[in-house]
Amino acid sequence: MRTVLTIALLLFGSSAAEAAVELTVITTKGEVGFTAEDEWVVIGMQTKLPVAVVAFQIKDPTDEGTQDSTNLAVNLYDLGTPQGREAIKTVGKKYGIDQPKASRVGDWQVFDQQSTQNGSVYTTLDARREVADVTVSVRLAWPHLKAHTKGHESAMRALFTRVLASVHGRLGPHDAKPGEINRRPVRPNPALNPTGLRPAG
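Residues numbered from 1 in each chain as written. Predicted model: local features only at pLDDT ≥ 70, side-chain atom pairs only at ≥ 80, totals over all residues. Heavy atoms only, no water.

1. A short note on the overall build of the chain
Working step 1: A tally of regular secondary structure across the chain gives two helices and twelve strands.
Working step 2: Ordered by position in the sequence, the α and β elements of the chain form the string β-β-β-β-β-β-α-β-β-β-β-α-β-β.
Working step 3: Counting across all 201 residues of the chain, residues that qualify as buried make up 48%.
Working step 4: By sequence separation, contacts in the chain at least 24 residues apart represent 53% of the contacts at least 6 residues apart. (Helix = DSSP H or I, 4+ residues; strand = E, 2+ residues; numbered from the N terminus. Buried < 20%, exposed > 50% of the residue type's maximum accessible area, 1.4 Å probe, protein only. Contact = heavy atoms within 4.5 Å.)

Printed below as a string of structure tokens:
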């Protein structure tokens, strides 16, 4: 199975500070891409199916010096394999007291819930849909900190929606674009759970 991660720098706006990175994972029969902000820190990358993941830490000055962090992960699952079918079960899994609230955003099935980690309340948003020849999930989790401004939650939800809107895919061979960098498949990292985020503790 040939799996390659390609990276192309896309410039939006008038300055490099507004740059975004287009990431594309080439799958068995096609490809899936999405856009990440240039300032996000990659904390995990595993580009080999049946479960591929790219995980980021999103900068938040208010969590500096704490155990808390805001993380986003994009996963690709090959549901034709036992590993893919098992890993997809974490999408929308209950972590708090209440069941996740289910809704839809376009073609995405979305799950919204709160839970406690390291003594902090977290909101976790999960979404999944079929793209090309795989199932894609996106997870965004952020802590509720006293130093956050009133509009922080709205900003996080808007970020999640932007990432969902950026996900795209197609079947067929990959057409290289100017500025792309090809990365070979990364072997599974046992420190990453199926969501692409490191387990608590």
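Now, onward.
2. Concerning the packing of aromatic side chains
Working step 1: What the rule picks out here adds up to two aromatic pairs.
Working step 2: Relative to F56, the ring of F34 lies with its centre 6.3 Å away and its plane at 80°, an arrangement referred to as edge-to-face. Here F56 lies in strand β5 (residues 51-58) and F34 lies in strand β3 (residues 30-37), a separation of 22 residues in the sequence. In this structure, F34 and F56 share a single accessibility class: buried.
Working step 3: Following the ring pairs from residue to residue traces out a cluster consisting of F34, W40 and F56. (Phe/Tyr/Trp six-rings, centres within 6.5 Å; stacked < 30°, edge-to-face > 60°.)

3. Examining the nonpolar core
Working step 1: Of all hydrophobic cores here, the largest spans 32 residues; its most connected members are L72, L76, V136 and V138.
Working step 2: Judged by nonpolar contacts, the second largest core, of six residues, contains A87, I88, V91 and F111. (Core = buried A, V, L, I, M, F, W, Y, C linked by side-chain atoms within 4.5 Å.)

4. Topic: helix α2 (residues 152-166)
Working step 1: A rise of 1.5 Å per residue sets the reference length of α2, with its 15 residues, at 21 Å; its end C-alpha atoms lie 21 Å apart and thus fit the reference within 8%.
Working step 2: Within α2, burial applies to H152, M156, L159, F160, V163, L164 and S166. End-on, the buried residues of α2 take up no more than an arc of 165°, which puts them together on one face. Turned more than 90 degrees from where α2 packs its buried face, S154 and A165 sit exposed. (Expected span 1.5 Å × (residues − 1). Arc of directions from axis to C-beta.)

5. Examining the confidence of the model for the chain
Low-pLDDT portions of the prediction should not be read for the details of their coordinates.
Working step 1: Here the chain averages 84 in pLDDT, while 79% of its residues score no lower than 70.
Working step 2: Taken element by element, the predicted model of the chain shows its lowest mean pLDDT in strand β1 (residues 4-11) (43) and its highest in strand β10 (residues 134-143) (98).
Working step 3: Within the model, the stretch residues 6-17 combines pLDDT values under 50 with 32 contacts to residues more than four positions away or in other chains.
Working step 4: The low-confidence segment residues 185-201, where pLDDT is below 50, has 43 contacts with residues more than four positions distant or belonging to other chains. (pLDDT = per-residue confidence, 0-100.)

6. What about the environment of G33?
Working step 1: If you trace the backbone, G33 turns up in strand β3.
Working step 2: The spacing of G33 and E22 is eleven residues in sequence and 6.8 Å in space, taken between C-alpha atoms.
Working step 3: Not counting chain neighbours up to four residues away, the residues in contact with G33 comprise E22, L23, T24, S166, V167 and H168.

7. Focus: the sheet that holds strand β8 (residues 108-117)
Working step 1: One open sheet accounts for seven strands, arranged β4-β5-β6-β10-β9-β8-β7; its pairing is antiparallel. The outermost strands of the open sheet, each flanked by one partner alone, are β4 (41-46) and β7 (101-105). Between one strand axis and the next, the sheet turns by 20° as a mean value, whatever way the strands run.
Working step 2: Bridging between β4 and β5 involves five bridges; their strand directions are antiparallel. Looking across to β5, one finds that Q46 is bridged to V53.
Working step 3: Along the sheet face, α2 touches β5, β6 (70-77), β8, β9 (120-131) and β10 and points at about 165° away from the line of β10. (Pairing = 2+ DSSP bridges. Axes fitted to C-alpha atoms, helices over the stretch in contact; angles between N-to-C directions.)

8. Side note on the environment of T47
Working step 1: Looking at the secondary structure, you find T47 in the loop between β4 and β5.
Working step 2: Taking the C-alpha atoms as reference points, T47 and T24, separated by 23 residues in sequence, lie 9.8 Å from one another.

9. Here we look at the pattern of salt bridges
Working step 1: Under the criterion given, the structure shown has six salt bridges.
Working step 2: Among the salt bridges present, the one from E31 reaches R170, with a minimum N-O distance of 3.9 Å. Separated by 139 residues along the polypeptide, E31 in strand β3 and R170 in strand β11 (residues 168-171) bring together distant segments of the chain.
Working step 3: Classification of R170 by relative accessible area gives partly exposed; the value is 32%.
Working step 4: A salt bridge links R139 to D126; the shortest N-O distance between them is 2.6 Å. Taken together, the residues R139 in strand β10 and D126 in strand β9 connect sequence positions 13 residues apart. Residues R139 and D126 agree in their burial class; the two are buried.
Working step 5: Here the residues in one salt-bridge network are D112, E153 and R157, joined through shared partners. (Salt bridge = Lys/Arg side-chain N within 4 Å of Asp/Glu carboxyl O.)

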